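The chain contents come next:
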Amino acid sequence: MKLALILCVIALVKSQSNHIIELYDGNSGFGSSVLIDGYVENLSEIGFNDVTTSLCIVQGIWLLYENANFNINAPGASGFNWGINFCQDLPPLLNNRVTSVRYAGSAWGFQEDALIIYENDWFQSREMYAAADFPSLGRFSYGGSLIVTGQSAWTLYEYPYYTGYRVCVTPLDIVDASPGFYTEPYDFGFAGRVIRSVRKGCWGDRSIYTAIKIEPGKLYSSYGAGHSDSIVNS
Ligand SMILES: [Ca+2]
Ligand SMILES: [Ca+2]
């Protein structure tokens, strides 16, 4: 009993989330591989930089980047996918190029209510994670892209304390808790603006934006910097 408890505690300490992805050097899940359940800012830390050719998602929402630190310093190609138990080969723009990966949403439930705002388009750079109302988002220019998980809509505001221009964004399917992906500011009506506060639910007079249609079990990727308006469904 005690041993089981200790093992359980060790397991909790070791795993970073229940989003789980496996990266493979070869096609179709062949070759050497690494199992990842957390943020990896540089895959060279685990000897897997620029070698991934295919991936298998055990579960979760996963984001892949061409450059280190989720493309913070150098914008580049990125990809995203979500679902349970599927494998996929990477498209040419990401094949043998992935350098950082991270999951999106609650660490322990990718279908729990959350709003994740990224500084740049295509889920690049810094992120702001909100599971509840956030009256002031601080110094970064958040508003390049977002992911809405769970079963709640959110209102985004141009100014702190829920003031100024506002829009409402929703998950893709609010009943099934399918995540909503908004790859660029035009997708949620915030082009040229910064998000400075967010509130759970749809509030006041506002426009409602719905997520682009994304199917589970497929990887979607950008063409990289300067071509972020294109979705490649490989
Ligand atoms: Ca490879
Ligand atoms: Ca790379």
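Residues numbered from 1 in each chain as written. Chains lettered and ligands numbered in written order. Predicted model: local features only at pLDDT ≥ 70, side-chain atom pairs only at ≥ 80, totals over all residues.

## Examining the environment of Gly150
1) Next: One can find Gly150 in the loop between β8 (145–149) and β9 (154–159).
2) Next: With 23 C-beta atoms counted inside 10 Å, the residue Gly150 sits in the buried group.
3) Next: Separated by 36 residues in the primary sequence, Gly150 and Ala114 have C-alpha atoms spaced 6.4 Å apart.
4) Next: In this view, Gly150 contacts Gln111, Glu112, Asp113, Ala114, Pro171 and Ala177; residues no more than four positions away in its chain are not counted. (Helix = DSSP H or I, 4+ residues; strand = E, 2+ residues; numbered from the N terminus. Buried ≥ 20, exposed ≤ 12 C-beta atoms within 10 Å, placed from the backbone. Contact = placed C-beta atoms within 7 Å.)

## Some remarks on the pairing of β9
1) Next: Examined bridge by bridge, β9 and strand β10 (residues 163–169) share five bridges and lie antiparallel to one another. Directly across from Tyr157, in β10, lies its bridge partner Arg166.
2) Next: Counted along the chain from β9 to the antiparallel partner β10, the turn is three residues long, and its residue Tyr161 has a positive phi close to 60°.
3) Next: One ladder, built from four bridges, connects β9 with strand β12 (residues 197–200); its direction is antiparallel. Looking across to β12, one finds that Leu156 is bridged to Val198. (Pairing = 2+ DSSP bridges.)

## Observations regarding the pairing of strand β6 (residues 114–118)
1) Next: Counting buried residues in β6 gives five out of five residues, a clear majority hidden from the surface.
2) Next: Neither face of β6 is left uncovered, since the one carrying Ala114, Ile116 and Tyr118 and the one carrying Leu115 and Ile117 both have all their residues buried.
3) Next: Of the strand pairs in this sheet, β6 and β8 are connected by five bridges, and their pairing is antiparallel. Its bridge partner being in β8, Leu115 is matched across the sheet by Val148.
4) Next: Here four bridges tie β6 to strand β7 (residues 127–130), and the two strands are oriented antiparallel to one another.

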